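# Structural features, examined
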Amino acid sequence: MRERDVPQEGNRTLAGHRKAVYAVADDGKLRLVPSRGWEVEEIVTRQAVEDLERRAMQARARALAGESSPLEYHMYRARMDVDLLSQVTGLWRWRVRRHLKPAGYARLPAALKLRYAEALGISSEALDRVD
Amino acid sequence: MPDSFVHAHASHCESGVMSSLLRHHGLPMSEAMVFGLASALSFAYLPFVRINGLPLVSYRMPPRAIIKGLARSLRLDIRFETFRSPSAGMERLDALLASGTLVGLQTSVFWLPYFPPDLRFHFNAHNVLVYGRERDDYLVSDPVGETTVRCARADLERARFAKGVLAPKGLLYFMTTTPPAPDWAGLGQRALARTARIMLAPLPLVGVVGMRMLARQIERLPLADGGESARLYIGNIVRMQEEIGTGGGGFRFLYASFLQELSAKTGYAVLEGLAGRLVEIGDRWREFALASARMIRGRDALSPPVLAERLRALAVDEKLFFQNLNRAQRAWAR
């Protein structure tokens, strides 16, 4: 990549930041050039973010319909899945899955609820709500 | 100390941190040199490590390889400390900062509030430097940022003690002595040999063999659901390649820069030619990313075999390149 070909396409995924890339200058030497982003990166990053957002919205609809617990919604909103939530809370996956169902969630003791809330970076009360 | 520390923008967090740390301790070394001497360039396709259901594709050695590798080959006196309790980890950080020490930290990107929201995924091995503290704000030099930033104590604690894969456990590291002037040619030759060995290893999953294996997986992607899952799979490869700290094309350019610099430092001109060749390969990686993105967006028809073919061609190019690199390294009479 030549220095003048370094993309400056103003990716919104970079939120105004510039990232450093290496490119060949006119003297043939590689040097660090700040880039405002490349559309290709924006496409794949937005794809991943939108996939997580879609899962969160579907979980939200399920939670409001009483088909799943608010925990599922908050899990996807924190960009996690069952594997990751199980790792960060130290709970077995089957337990996490049980708590994603309304019945399992209703039986959740306060201490466990707090554990989930802390792992997701929200308060216990916020965990109960689907906003 | 905040006055004496100089922030530098870098393309990769770990090499950027090491470059700044060494410079701060009296050994100026560019990011590219750090990356190259630590033999950080690589390729690995790890189907058993799943992130949101998609396999890990990495274009460099695993986290901490740069810091540990460089510490070993340069005989640096770097102390590593991890903590069981977050409060002990924060107290130790405060004590080090109070004594004027520049401290490196391993953090989770997701919990760093200054990061662009779209890039905040649960990646636990992001390296930053902390050069000071003003009450509850830490002065942070994040190498992938253009300028220094501030991070509140509670946020930094969260980021340092995030759990899950590659959990940092509050890891902090610092240097205690000025490193000795390195023998560039000797270190360089060894680093080239190491990288060539990894890229040409007769093992599945890593190096050019790993690239061919990934190509086979792409070819076999099911299209029964209208290509939805195939698009996510391909997007994941490209995201790991270009956007997050595992950069594929980008790391080829970074390594090319290392070859140029090593050539200039040691007068071994063959490396300059190899650098030029690697830049061309990096451009091919970018074309692969572009072709993938066009298919994801539906500008071109989705065709996994076409992408697999491009990846195979890259494997051929890289195989030849690293064979030549190995030959150049062997022929290097010092």
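Along each chain, numbering runs from 1 in the same order as the chain's sequence is written. Working convention: letters from A go to chains and numbers from 1 go to ligands, in the order in which they are written. Where totals are concerned, whole chains, interfaces and linings use all residues; where local detail is concerned, this predicted model gives features only for residues with pLDDT of at least 70, and gives and counts side-chain atom pairs only at 80 or more.

### Some thoughts on the overall build of chain B
- Assigned secondary structure in chain B consists of 11 helices and eight strands.
- Relative to the 2.2 N^0.38 estimate, which gives 20 Å for 334 residues, the radius of gyration of chain B is 21 Å and therefore close to what a compact globule would have.
- Overall, chain B is about 55 × 55 × 30 Å in size when its C-alpha atoms are taken along their principal axes. Per the convention used, a helix needs a DSSP run of H or I reaching at least four residues, while a strand needs a run of E reaching at least two, with both numbered from the N terminus. Each radius of gyration reported is based on C-alpha atoms, and the globular scaling rule is 2.2 Å times the count of residues to the power 0.38.

### Re the packing of helix α1 (residues 39–64) of chain A against helix α2 (residues 70–77) of chain A
Residue and element names in this part refer to chain A.
- Each axis is a line fitted through C-alpha atoms, and for a helix only the stretch in contact is used; angles between axes span 0 to 180 degrees, taken between their N-to-C directions. For the pair α1 and α2, interaxial distance at closest approach is 8 Å and the crossing angle is 165°. As the angle between them shows, α1 and α2 are arranged roughly antiparallel. Crossing of α1 against α2: the hand is left-handed. Taking contact as the criterion, the partners of L52, R55, A56, A59, R60, R62 and A63 in α1 are, on α2, P70, E72, Y73, Y76 and R77.
- Polarity classes work like this: nonpolar for Ala, Val, Leu, Ile, Met, Phe, Trp, Tyr, Cys and Pro, charged for Asp, Glu, Lys and Arg, and polar for all others, with Gly in that last group. When grouped by side-chain class, the residues that make up the contact of α1 with α2 number seven nonpolar, no polar and five charged. By definition in this entry, angles of less than 35 degrees are roughly parallel, angles greater than 145 are roughly antiparallel, angles of 65 to 115 are roughly perpendicular, and the rest are oblique. Whether a crossing is left-handed or right-handed is set by the direction in which the near helix is turned from the far one by less than a right angle, anticlockwise for left-handed and clockwise for right-handed. Two residues qualify as a contact pair if the distance between their C-beta atoms, derived from the backbone, is within 7 Å.

### Points about the domain arrangement of chain B
Residues and elements named next belong to chain B.
- The domain limits used here are those given by an automatic or database domain assignment. Here chain B is described as being made up of domain 1 (13–47 + 63–175) and domain 2 (184–330).
- Using C-alpha coordinates to define each centre, domain 1 is positioned 26 Å away from domain 2.
- Counting residues at the interface gives 16 residues for domain 1 and 24 residues for domain 2.
- Within the residue set of the side of domain 1 that touches domain 2, elements represented by two or more residues are α2 (31–37) and β1 (41–51).
- By residue class, the composition of the side of domain 1 that touches domain 2 is 11 nonpolar, five polar and no charged.

### Some remarks on the environment of B:Y255
All names here are of chain B.
- Relative to the assigned elements, Y255 resides in helix α9 (residues 249–266).
- Note: C-alpha distance between Y255 and T82 (173 residues apart in sequence) is 31 Å.
- Dropping the residues within four chain positions of it, Y255 is found in contact with F35, G36, L41 and L278.

### Focus on the sheet that holds strand β6 (residues 137–141) of chain B
Residue and element names in this part refer to chain B.
- Any two strands between which DSSP finds at least two bridges are classified as paired. Strand order in the open sheet formed by six strands is β3-β8-β4-β5-β6-β7, and the pairing between neighbours is antiparallel. Both edges of this open sheet fall to β3 (78–81) and β7 (149–152), since each of them pairs with a single strand only. Here the strands of the sheet are splayed against their neighbours by 35° on average, with no regard to which way each runs.
- In this sheet, β6 lies alongside strand β5 (residues 126–134) in antiparallel orientation, the contact comprising five bridges. Residue pairing for β6: E134 is matched across the bridge by D137.

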